[in-house]
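Report on the structure
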Amino acid sequence: MKKYFLSFAVFSLFYTQSEACAWSDPDYEYFNLFTQSIIKDKSYLPFLHSYSTRFYTDFKSSAIPDENIDSWKRYFNNQLSYAQTEYLVNKMNINDLNALKKGNPTNPLLVTLGPGFYTKYREGIDYLIEAKYLEPYMKINYIESGDSFYYYREPGTGKNATNLDYNKTISALTSLYNTTKNPEIKQRYGYQLVRFNHYTRNYDAALKAFKTYIEPLRLKGAPYIMALDQLAGAQRGLGMNSEANWNFFQVFKDSKSRKESAFVSMKLSDTASFNNILKRAATNEDKNMAYFLLGYEDFNNPIPVMEKMFEINPDSEILKVMAVRSINELERSYLPIYYYTDDSNTAVQKNNTSNDNKDQNKAETAEPKKELSFWQKIIRFFKNLFSSKKDKSSADSKADQSDDELLENPNRIPVFSKNNYWYDDKTKDFLDDLEKFTSKTKEKSKDEYWQIADAYLKFLKKDYTASTEILENIKTNNPEYLEEIKRMKVLNDIVSQPKIDAAYEDHLMKDYSEYFIEKPAVKKDSAETNEYDYYGEVPSTADFLKDVLANRYFLQGEDGKSFLMNNKLSDLQYNPNSSLVKSVEDFYRKPNKTQFEQKIIAKNINDVGNIEAFFAVIYGDRAMRQADFDKAKSYYAKAQNFSGIPRSEWNYDEKKVKTLQYPSGAYNGFSNISDLIFGHNVWESFQSSPEESMKKEDYYAFPFIKPTMNKLELADALIQLKKIGAGKNQTASAANQLIGNLLYNTSILGYYRQLFVMDIDNTNGGKYDFQSTDRKNPYQYYYKNFLDRTYIEPDNFDLAINYYKKALDISVNKEQKARILFQMASAEQGKYYQYEAKNPSKVDYSDPKYSEKSDAYQAQLDQIKNQKYRTYFAMLKSQYADTETAKDLLGSCSYFGYFMK
């Protein structure tokens, strides 16, 4: 059918799968290792498995031959190639054919065919001239109705069949039909008569034309199929849905290039279409096809339908289509591109959100709400899907982890768990049933496809030995089968390898380098380069193998290599965990790397400016967070050539991604740090300027604190403050207060929280979420999903509190003591948030008493908070409520005001 009318009622037929996020594409979220398109009959390619589109589209249109072009190719005695025939029939201008008819061809193809071509094929050429004249009008006339809003109309020229004179057109086509001698060309004129009547809504005349001009010729080739398609459309126009549906079914069965449109037409003609077809099917061929349509449309459990198809014909090509769809469905459960597992100790992450309300103080904005947010409830619900894991932080403990965790067992796919959370018992049962079916079918069918499918299902069941044995015994000359067998042997070899050592890496480079060495990117045309690719490339076998190796290295304690299998060196900035950074640095400095390490892993050591400075800044930052200022200074001394945190940005003028160039005076990860870092914030507003959010302390006694510093100068200033702070006078108190301020201001709660975590600003992100401190490494399989977890050592708020205590003990200034106590209370609040994150609610979201139990849990948290984490608020209230500092805080911090009451 040329024209489809789609109402909202049937729109779901075209998109049966929905996604919550517009940017999510389910066909990009799993590894498709078993090639669906190895089926031999390519006319069924649209009916392979896809969630992204109603029909499978990942193939070239030329893969499905058009029976109409094949028919014309035979008519021309194979004098033309398929491509030339397709060009002549579908694309050549009518004027070129008229010139040929007049004996003056100018089209290069027609000139090549010679002067006798028209004489030999006169009837066919004359038909094509007539068909090309009619084609712009061959659309059904659109009639406005009350339901017009719900219908889709194809864009086009605005012409339709009613623009032609009906009587003249019918007369001309009838005359041409009667004078034509070649039966096939005669039938083509009959097709035009049926189509023209259909598109002018003369449905009865269309049915009559089919009986008069099509059936008597008794030809069942391409013109017949095309005319039958038009007949079915006219029958539907007359409300003869059952007859229309049966004829669309015949088109589906007999056509190669019209299966997709015939399927849609069947769905639109009869709501019970496929069941009605099955009732009407008399031959085994029709029954088999009807079962296929039923199984395709209702794919919840295709095995019973496949059993019926097997009984009819175990060599049926459409049975293979059902099987390959089933395998693909299993892959979506067994082979997701990311594995997200959580730890029972991992808390619901509490985001320390930015706040633009300048009237609210940090203590107030950080106060947790009693009512869980929607996303907190969702996270807690999914947390119940995951079992607890023990903390295994060292390389040795990783190597000893159980099969339930990181699966070092060579008889297990490394990114699977035997208690895999990505599929349930029903899916496992389906795999077992499908394996039994393929094992049975491979014994009956002569097609090697079933042996390949059986081997792959054993691969999914982690029986690599059995899978390989089957593959070794397959004898075939089919190039697509051979390619699949070759790839599956590689999969079995690599996935079953218990340890990846230097010798095995040499084996990978020698025998499987094609899967790891990236091919040069295909240059896109100018139109493509202006478009943003949201999804990138479809996950490949090579991507899967890289994940397997990344997992192996992870298990072996080679975190640096594991990280670089899936990430660039510059990605460390997003989670600068010092132990991981050290492992990456160790690999970077490793001498005598294998060829695999050099060409596959080390290629991800990308440009970060000065690598030595890059590592030094990360280590220096960690030392600063530990208040080890001398150590930090020693690292920062090696980082003076640091060119900035390696960020990139889209250049709209050049239409490409370029390295971020930091403006003069901007903080770049090392330089241009304001002395406000030693001050205190007057309200929490991360988006506000430093001058609005922060207030300086009195630096008069500390001239070495410069208005603007780099990290080396900052570390030096802290060393001097620490020396002064060892005294017993008021200046020593002020020095300790300034150190405490810096440690708090660069913590997760502080305005300068970005300073020592390799970030360029304090905007929200995973680095600023409270997290569990019990589990050192949140990654359990590999570092592929590196940016989706927070892997930074947590703040030690006691460091700031201890410096504040020194300042408090020495100070004799009551106003200063009030300010210090408030800062201590703020740091203590951070300790509470860490406690809260380590002790999340264990109430199941499905619990009927969820709200009641959640309220009780929150009440318990409030009690613990007031008993253990309000020490300095209590002191401020009891001893310093009369100070001007406390009174100012009452006006700017509503939570403090509430507490003081």
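Structure: see above.
The following refers to the structure shown.

The rules we used
- Residues numbered from 1 in each chain as written.
- Predicted model: local features only at pLDDT ≥ 70, side-chain atom pairs only at ≥ 80, totals over all residues.
- Heavy atoms only, no water.
- Helix = DSSP H or I, 4+ residues; strand = E, 2+ residues; numbered from the N terminus.
- Buried < 20%, exposed > 50% of the residue type's maximum accessible area, 1.4 Å probe, protein only.
- Contact = heavy atoms within 4.5 Å.
- Areas by Shrake-Rupley, 256 points an atom, 1.4 Å probe, with all protein chains shown as cover.
- Phe/Tyr/Trp six-rings, centres within 6.5 Å; stacked < 30°, edge-to-face > 60°.
- Pairing = 2+ DSSP bridges.
- Expected span 1.5 Å × (residues − 1).
- Polar contact = N/O pair within 3.5 Å; in protein donor to acceptor, adjacent residues only side chain to side chain.
- Arc of directions from axis to C-beta.

Quick look at the overall build of the protein now. Within the protein, the secondary structure is distributed over 41 helices and 8 strands. When the 901 residues of the protein are sorted by exposure, 54% land in the buried category. Contacts in the protein between residues at least 24 apart in sequence constitute 71% of all its contacts with a sequence separation of at least 6. Here the protein has roughly 41,600 Å² of accessible surface; of this, 49% comes from carbon and sulfur atoms.

Under the counting rule described, the total for this entry stands at 57 aromatic pairs. A ring pair is formed by Phe310 and Phe437, whose centres lie 6.0 Å apart and whose planes are at 70°; its orientation type is edge-to-face. Taken together, the residues Phe310 in helix H16 (residues 303–312) and Phe437 in helix H21 (residues 425–444) connect sequence positions 127 residues apart. Of the two residues examined, Phe310 and Phe437, each falls in the buried class. Relative to Tyr791, the ring of Tyr783 lies with its centre 6.4 Å away and its plane at 20°, an arrangement referred to as stacked. Linked through ring pairs, Phe31, Phe34, Phe310, Phe437, Tyr449, Trp450, Tyr456, Phe459, Tyr464 and Phe544 together constitute an aromatic cluster.

Within the chain, Arg218 stands out as a residue other than glycine whose phi angle is a positive 55°. For Lys462, which is not glycine, the phi dihedral falls at a positive 70°. Owing to a relative accessible area of 9%, Lys462 belongs among the buried residues under this scheme.

Relative to the helices and strands, Asn736 resides in helix H35 (residues 730–745). Beyond its immediate chain neighbours, meaning those up to four positions away, Asn736 contacts Gly725, Tyr803, Lys806, Ala807 and Ile810.

Here we come to the pairing of strand S3 (residues 656–659). Of the strand pairs in this sheet, strand S2 (residues 648–651) and S3 are connected by 4 bridges, and their pairing is antiparallel. Bridge pairing in S3 places Trp650 opposite Val657. Hairpin connection between S2 and S3: a loop of 4 residues separates the two successive antiparallel strands, and Lys655 in this loop has a positive phi of roughly 55°.

Turning next to helix H24 (residues 479–495). With 17 residues, H24 should reach 24 Å at 1.5 Å per residue; the first-to-last C-alpha distance of 24 Å fits that figure. Of all the positions in H24, only Tyr481, Glu484, Ile485, Arg487, Met488, Val490, Leu491, Asn492, Ile494 and Val495 are classed as buried. Summarising the contacts, the buried residues of H24 are in contact with helix H17 (317–334), helix H22 (449–460), helix H23 (464–472), helix H25 (502–511) and helix H27 (541–555). At the N-terminal end of H24, a side-chain oxygen is found 2.9 Å from the backbone nitrogen of Glu480, two or three residues along, and the residue is Asn478.

The subject of this paragraph is helix H4 (residues 94–101). Buried within H4 we find Asp96, Leu97, Ala99 and Leu100. Burial along H4 is one-sided: seen end-on, the buried residues are contained in an arc of 155°. Remark: Gly103 follows H4 within two positions and exhibits a positive phi of approximately 90°.

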